[in-house]
Amino acid sequence: AITAAMTDSTGLDSFSKEFPERFFDVGIAEGHAVTFAGGLARADLKPFVAIYSSFIQRTYDNIVHDIALKNLPVVFCIDRAGFVGEDGPTHHGVFDISLLRHIPGLVVMAPKDENELRDMMNFAASYKDGPVSIRYPRGTGTATRINNTFDTIEFGRAEVLCEGDSAAILAVGEMVPLSEKAAELLSADGIKVTVVNMRFIHPLDTELLDTLYKRGKPIVTVEENALAGGFGSAVMEYYAGRGYTPSITMIGIPDTFIDQAARPRLLSLYGLDAKSIAERVKKAVKK
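On a predicted model such as this, the values are computed, not experimentally measured, just so you know.

Novice: Outline empty space enclosed by the protein, listing residues and values.
Specialist: In the structure shown here, the tally under the stated rule is 1 cavity of 30 Å³ or more. Roughly 70 Å³ of volume is contained in the largest cavity. Taken together, Ala81, Gly82, Arg135, Tyr136, Pro137, Val172, Gly173, Glu174, Met175 and Glu224 make up the full set of residues lining the largest cavity. The residue makeup of the lining of the largest cavity, split by class, is 5 nonpolar, 2 polar and 3 charged.

Take a look at the structure:
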């Protein structure tokens, strides 16, 4: 495990004490952390690099040239993805999907809760075909209990959580449980929607995207990332490349920097809470 001066904040304090010979804190040198991980990978080790989303921006060149171009099996644990609340504008992690999803061979994943985070870490530990990034938010997860066993993550496959014939909500990461709540609100109004935990942002589950397109119903993408170049853009690009013209609504963070506020407040302000998602779906269904 490698971190950049955030041992406690990234949850690696216990690991560093139990396995001191397998832990490296390189200080405020994120680019060095990534290149160092590439060297370890070339020595047949499996590095896990824990860096805040906002600081992964500093490592873009290192990831491209020192990891992805050489297809090295480095795992990027991208902490603080999305809104980080009181940490303020410098720490909001709202660009990492846009930065990483276009890099060839780099798998980009986002778990819906802490159980799926464990499953994705397990997947990444055994994945040998290139680098993997896993983005997750600050704070506690939404799972009601912690599983004692791992569930298998199938490469490039999404998870359909519920079925409905009015529209489909495609969500990633923390937006999955909020989309499920939005589906409950919509159901109370007689609108039944499909909710999908996409899991993989790169590669996309294109087989599922084809299936949803053929239904001819509105598709709504939800992400806690900048809309420009993000997950919704990836879905749009796929459909455009196939010559498909579905009705798509993209929900995410607009072209602006985010101010300081508690995360629930920010979710509400930017239309990413359950109520706001439900309202956007209603509008899409009524078009």
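Novice: So what's going on with the packing of aromatic side chains? Which residues, and what values?
Specialist: Applying the stated criterion across every chain yields a total of 14 aromatic pairs. A centroid spacing of 5.8 Å and a plane angle of 35° characterise the contact between Phe83 and Tyr270, whose relative ring orientation is tilted. Highlighted residues: Phe83 in the loop between β4 (75–79) and α5 (96–100) and Tyr270 in the loop between α10 (263–269) and α11 (274–286), separated in sequence by 187 residues. On the basis of relative accessible area, Phe83 is assigned to the buried category, the value being 1%. An angle of 25° between the planes, with centres 5.4 Å apart, marks the rings of Phe123 and Tyr127 as stacked.

Novice: Residues and numbers for the sheet that holds strand β8 (residues 167–171), please.
Specialist: Strand order in this open sheet of 5 strands is β7-β9-β8-β11-β12, and the pairing throughout is mixed. Among the strands making up the open sheet, the edge pair consists of β7 (159–162) and β12 (248–253). The average angle at which neighbouring strand axes cross in this sheet is 25°, direction not considered. Sheet topology places β8 next to strand β11 (residues 219–226); 4 bridges connect them, and they run parallel. In the strand pairing of β11, Ala168 is matched with Ile219. Sheet contacts for helix α7 (residues 175–188): β7, β8, β9 (193–197) and β11; angle to β9, the most-contacted strand, approximately 170°. α11 rests against β8, β9, β11 and β12 of the sheet, and its axis sits at about 160° to β12.

Novice: I'd like a rundown of the layout of surface pockets, residues and numbers included.
Specialist: For the largest pocket, the calculated volume is near 920 Å³. Around the largest pocket, the lining comprises 36 residues; the ones closest to its centre are Thr10, Leu12, Cys77, Met121 and Tyr136. For the lining of the largest pocket, the secondary-structure elements that each account for two or more residues are α1 (13–18), β3 (48–52), β4 and α6 (114–126). Its residues assigned to classes, the lining of the largest pocket comprises 19 nonpolar, 6 polar and 11 charged. Considered as a void within the structure, the second largest pocket measures approximately 330 Å³ in volume. Around the second largest pocket, the lining comprises 17 residues; the ones closest to its centre are Lys112, Asp113, Asn115, Ala143 and Asn147. At the level of secondary structure, the elements contributing two or more residues to the lining of the second largest pocket comprise α6, β7 and α7.

Novice: So what's going on with the nonpolar core? Which residues, and what values?
Specialist: Counting 41 residues, the largest nonpolar core has Phe76, Met198 and Tyr239 as its most contacted members. The greatest single-element share of this core, amounting to 5 residues, is contributed by helix α9 (residues 231–241). Apart from residues no more than four positions distant in its own chain, Met198 is found in contact with Arg157, Ala158, Leu170, Ala171, Val172, Leu204, Asp205, Leu209 and Phe231.

Novice: Residues and numbers for the pairing of β11, please.
Specialist: Residues in a regular strand project their side chains so that they alternate between the two faces of the sheet. Of all 8 residues making up β11, 8 are buried, and the element is well covered by its neighbours. Here β11 runs beside β12; their pairing, made up of 5 bridges, is parallel. Paired with Val220 across the bridge in β12 is Thr249. Read as a crossover between parallel neighbours, the route from β11 over α9 to β12 is right-handed.

Novice: Account for α6, naming residues and giving values.
Specialist: Compared with the 18 Å implied by 1.5 Å per residue over 13 residues, the 19 Å span of α6 between its first and last C-alpha is a close match. Along α6, the residues classified as buried are Asn115, Glu116, Asp119, Met120, Phe123 and Ala124. Summarising the contacts, the buried residues of α6 are in contact with β4, β5 (107–109), β6 (132–135), β7, β9 and β10 (200–202). The distance from a side-chain oxygen at the start of α6 to the backbone nitrogen of Asn115 is 3.1 Å, and the residue carrying that oxygen is Asp113.

Definitions and limits used
Residues numbered from 1 in each chain as written. Predicted model: local features only at pLDDT ≥ 70, side-chain atom pairs only at ≥ 80, totals over all residues. Heavy atoms only, no water. 1 Å grid on protein atoms, 1.4 Å probe; cavity = no way out; pocket = protein on both sides within 12 Å on 5 of 7 lines; lining within 4 Å. Points joined across faces, edges and corners; volume = space filled by probe spheres on them. Nonpolar A, V, L, I, M, F, W, Y, C, P; charged D, E, K, R; others polar. Phe/Tyr/Trp six-rings, centres within 6.5 Å; stacked < 30°, edge-to-face > 60°. Helix = DSSP H or I, 4+ residues; strand = E, 2+ residues; numbered from the N terminus. Buried < 20%, exposed > 50% of the residue type's maximum accessible area, 1.4 Å probe, protein only. Pairing = 2+ DSSP bridges. Axes fitted to C-alpha atoms, helices over the stretch in contact; angles between N-to-C directions. Contact = heavy atoms within 4.5 Å. Core = buried A, V, L, I, M, F, W, Y, C linked by side-chain atoms within 4.5 Å. Right-handed = clockwise from strand over helix to strand, strands pointing away. Expected span 1.5 Å × (residues − 1). Polar contact = N/O pair within 3.5 Å; in protein donor to acceptor, adjacent residues only side chain to side chain.

Bear in mind that shape data such as this cannot, by itself, settle questions of function.
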